[in-house]
Amino acid sequence: MSAGDRAQTKCLKNLLFIYNTESKYDQAIRDFNKVIELDPDSAYAYNNRGNSYNAKGNPDHAISDCSKAIELNPNDTGVWSAKGMALNMLKRYEEAFVAWDTVTKLAPKNAAAWYAKSATLYDLGRYRETILALKSLEDISDNGLDSKAWQLKARAENRVKD
């Protein structure tokens, strides 16, 4: 990549951050396409285009982009999280669980990932594992479980009793 292409890519990345924060996802996708054209090995571009697709409600495209970003940068928890969200949207819970499990292994103090992993386990009908994952969340949270997590825990405990 030439110095000019690197400079253009950097400018586009900054602009795209603004597009995503302003919910201008179509424009972000178009410009991420340009970044990928200039730098086809940009995990950042694939990840953020995937985030834009997720935000637009197009999880299939998001999964494709996230998979490419993971291929380029397998330790990026943000990409794994975006893929997990997209898979959850499609109710592909087994695959989503793999994504969330990866995030919690790479970043064991990521509370949002622990909650998403717990909710995915619940959707899979794995209620005892849901409770254990929520215990891990509680252990890393300074303030314990929030109301959403407590509700999930109560629902899982009720299912275990049945």
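In this text the structure is predicted, and so the values were computed from the model without any measurement.

What counts, and where the lines are drawn
Residues numbered from 1 in each chain as written. Predicted model: local features only at pLDDT ≥ 70, side-chain atom pairs only at ≥ 80, totals over all residues. Heavy atoms only, no water. Helix = DSSP H or I, 4+ residues; strand = E, 2+ residues; numbered from the N terminus. Buried < 20%, exposed > 50% of the residue type's maximum accessible area, 1.4 Å probe, protein only. Contact = heavy atoms within 4.5 Å. Areas by Shrake-Rupley, 256 points an atom, 1.4 Å probe, with all protein chains shown as cover. Phe/Tyr/Trp six-rings, centres within 6.5 Å; stacked < 30°, edge-to-face > 60°. Lys NZ or Arg CZ within 6 Å of the ring centre and 35° of its normal. Core = buried A, V, L, I, M, F, W, Y, C linked by side-chain atoms within 4.5 Å. Axes fitted to C-alpha atoms, helices over the stretch in contact; angles between N-to-C directions. Parallel < 35°, antiparallel > 145°, perpendicular 65-115°, else oblique. Left-handed = near helix turned anticlockwise from the far one by under 90°. Nonpolar A, V, L, I, M, F, W, Y, C, P; charged D, E, K, R; others polar. Polar contact = N/O pair within 3.5 Å; in protein donor to acceptor, adjacent residues only side chain to side chain.

S.K.: Give a description of the overall build of the protein chain that names residues and reports values.
M.R.: Within the protein chain, the regular secondary structure consists of nine helices and zero strands. Walking the protein chain from its N terminus toward its C terminus, one meets helices and strands in the order α-α-α-α-α-α-α-α-α. Relative to its full complement of 162 residues, the protein chain shows a buried share of 41%. Look at the contacts in the protein chain between residues 6 or more apart in sequence, and 45% of them connect residues 24 or more apart. Looking at the protein chain as shown, the accessible area adds up to about 8,800 Å², and 50% of this sits on carbon and sulfur atoms.

S.K.: I'd love a proper account of the packing of aromatic side chains, names of residues and values included.
M.R.: One pass over the full model with this rule turns up two aromatic pairs. Its end group placed over the ring of Phe-97, Arg-126 keeps NZ or CZ at 4.7 Å from the ring centre. A cation over a ring is seen here: Arg-155 above Tyr-122, with NZ or CZ 4.8 Å from the ring centre.

S.K.: Could you give an account of unusual backbone geometry, with specific residues and numbers?
M.R.: You will see that Lys-91, though not glycine, has its phi angle at about 60°, which is positive. Among the secondary structure elements, Lys-91 is positioned in the loop between α5 (77–89) and α6 (93–106). Lys-91 gets classed as exposed once you look at its relative accessible area, which sits at 59%.

S.K.: Can you lay out the environment of Lys-68 for me, pointing to particular residues and giving the numbers?
M.R.: Here Lys-68 lies in helix α4 (residues 59–72). For the pair formed by Lys-68 and Asp-41, sequence separation is 27 residues and the distance between their alpha carbons is 9.0 Å.

S.K.: Can you break down the nonpolar core residue by residue, with the values?
M.R.: Of all hydrophobic cores here, the largest spans 26 residues; its most connected members are Ala-45, Ala-69, Val-79, Trp-80, Trp-100 and Val-103. Contact partners of Trp-100, with chain neighbours within four places excluded, come to Ser-81, Gly-84, Met-85, Asn-88, Ala-113, Ala-116, Lys-117 and Thr-120. The next biggest cluster of nonpolar side chains, apart from the first, holds twelve residues, and it includes Phe-97, Tyr-127, Leu-145 and Ala-156.

S.K.: Go over the packing of helix α8 (residues 127–140) against helix α9 (residues 147–161), please, and point to the residues and values.
M.R.: The geometry of α8 relative to α9 is characterised by a closest axis approach of 8 Å and an angle of 150° between their N-to-C directions. Regarding the angle of α8 to α9, the classification is roughly antiparallel. Every pair of crossing elements has a handedness; the one defined by α8 and α9 is left-handed. Between α8, through Tyr-127, Arg-128, Thr-130, Ile-131, Leu-134, Leu-137 and Glu-138, and α9, the contact on the second element is made entirely by Ala-149, Trp-150, Leu-152, Lys-153, Ala-156, Glu-157, Arg-159 and Val-160. Partitioned by chemical class, the residues of the contact of α8 with α9 number nine nonpolar, one polar and five charged.

S.K.: Give a description of the environment of Asn-75 that names residues and reports values.
M.R.: Tracing the sequence through the fold places Asn-75 in the loop between α4 and α5. For Asn-75, a relative accessible area of 54% translates into the label exposed. Spatially, the C-alpha atom of Asn-75 lies 9.5 Å from that of Ala-107, the residues being 32 residues apart in sequence.

S.K.: Can you explain the packing of helix α3 (residues 43–55) against α5? Please cite residues and give values.
M.R.: It is at 10 Å that the axes of α3 and α5 come closest, and there the two elements cross at 30°. Compared by their axis directions, α3 and α5 come out roughly parallel. Here α3 runs over α5; the crossing is left-handed. Packed against α3, whose contacting residues are Asn-47, Asn-51 and Asn-54, the element α5 presents Gly-78, Val-79, Ala-82, Met-85, Ala-86 and Met-89 at the interface. Residues that form the contact of α3 with α5 fall into these classes: five nonpolar, four polar and no charged.

S.K.: Just give me the short version of the side chain of Thr-130, but keep the residues and values in it.
M.R.: By the secondary structure assignment, Thr-130 is in helix α8. Polar side-chain contacts of Thr-130 include one of 3.0 Å to the backbone nitrogen of Tyr-122. Ignoring any residue separated from it by four or fewer positions in sequence, one finds Thr-130 in contact with Ser-118, Leu-121, Tyr-122, Leu-152 and Ala-156.

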